[in-house]
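Structure at a glance
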Amino acid sequence: MDTVDDWRAALSETGALSPPIVQAIADAHGDRGIQAIEAVSERRVKRYRDFDVVVGYDDEYVVEGRGCTCKDTIYNLDPDEGERCWHVLAVDVAEALGELDHHDMWYSEVREFL
């Protein structure tokens, strides 16, 4: 099996999750990487006009740029060190695979009804 040094570059190049890319994501991000892949495969990564949203187990999390509204990002991770929660990783993976679930509406308006 080939090894992958930069999973983002490999994913962008191939547009598919191969076993070496999955392994590289898991090696780089551990359980967070696996959760991200699961979220993408379950189509829980959504793109609205204003935000990306990942449907988690208990709530929906807004991802904007490299930031996220989850507690893991707020309390446990250091974005300056390149650490990312699984929600941000899921958006990265979904973008590279073209697997974002697009919604032509504003999430800020949808959220008022939830």
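Residues numbered from 1 in each chain as written. Predicted model: local features only at pLDDT ≥ 70, side-chain atom pairs only at ≥ 80, totals over all residues. Heavy atoms only, no water.

What follows deals with helix α5 (residues 86-97). Taking 1.5 Å per residue, 12 residues should reach 16 Å; α5 reaches 16 Å between its end C-alpha atoms and fits that length. Where burial is concerned, most of α5 is hidden: 10 out of the 12 residues are buried. All of the buried residues along α5 are Trp86, His87, Val88, Leu89, Ala90, Val91, Asp92, Val93, Ala94 and Leu97. Where α5 terminates, the next one or two residues include Gly98, which has phi positive at roughly 70 degrees. (Helix = DSSP H or I, 4+ residues; strand = E, 2+ residues; numbered from the N terminus. Expected span 1.5 Å × (residues − 1). Buried < 20%, exposed > 50% of the residue type's maximum accessible area, 1.4 Å probe, protein only.)

Another point: the nonpolar core. Within the largest apolar cluster, 27 residues are counted, with the highest numbers of intra-cluster contacts made by Trp7, Val40, Val45, Val54, Cys68, Ala90 and Val93. Elements with a contribution of two residues or more to this core: α1 (7-14), α2 (19-29), α3 (31-41), β3 (60-64) and α5. With near-sequence residues (within four places) excluded, Val45 lies in contact with Ala39, Val40, Val53, Val54, Ala90, Val91, Ala94, Glu99, Leu100 and Asp101. (Core = buried A, V, L, I, M, F, W, Y, C linked by side-chain atoms within 4.5 Å. Contact = heavy atoms within 4.5 Å.)

On to the pairing of strand β2 (residues 52-55). The pairing of strand β1 (residues 45-47) with β2 spans 3 bridges and is classified as antiparallel. What sits directly across from Arg47, in β2, is Asp52. Counting the residues between successive antiparallel strands, the hairpin from β1 to β2 contains 4 residues. Two strands pair when backbone bridges link them, and β2 and β3 are joined in this way by 4 bridges, in the antiparallel orientation. Bridged to Val53 within β3 is Val62. Here β2 folds back onto β3, and the loop between the two strands holds 4 residues. (Pairing = 2+ DSSP bridges.)

Unlike most non-glycine residues, Arg43 shows phi in positive territory, near 55 degrees. Among the secondary structure elements, Arg43 is positioned in the loop between α3 and β1.

Next up on the list: the pairing of β3. As paired strands, β3 and strand β4 (residues 67-68) are joined by 2 bridges and run antiparallel to one another. Bridging from a neighbouring strand, Glu64 pairs with Gly67 of β4. A loop of 2 residues connects β3 with β4, the two strands running antiparallel in sequence, and Gly65 in this loop sits at a positive phi of about 65 degrees.

This part takes up the side chain of Asp101. Mapped onto the elements of the fold, Asp101 is located in strand β5 (residues 101-102). Judged by relative accessible area, which is 18%, Asp101 ranks as buried. A distance of 3.0 Å separates a polar atom in the side chain of Asp101 from a polar atom in the side chain of Lys46. Those residues within four positions of Asp101 in sequence are excluded, and the remaining contacts are Arg43, Val45, Lys46 and Arg47. (Polar contact = N/O pair within 3.5 Å; in protein donor to acceptor, adjacent residues only side chain to side chain.)

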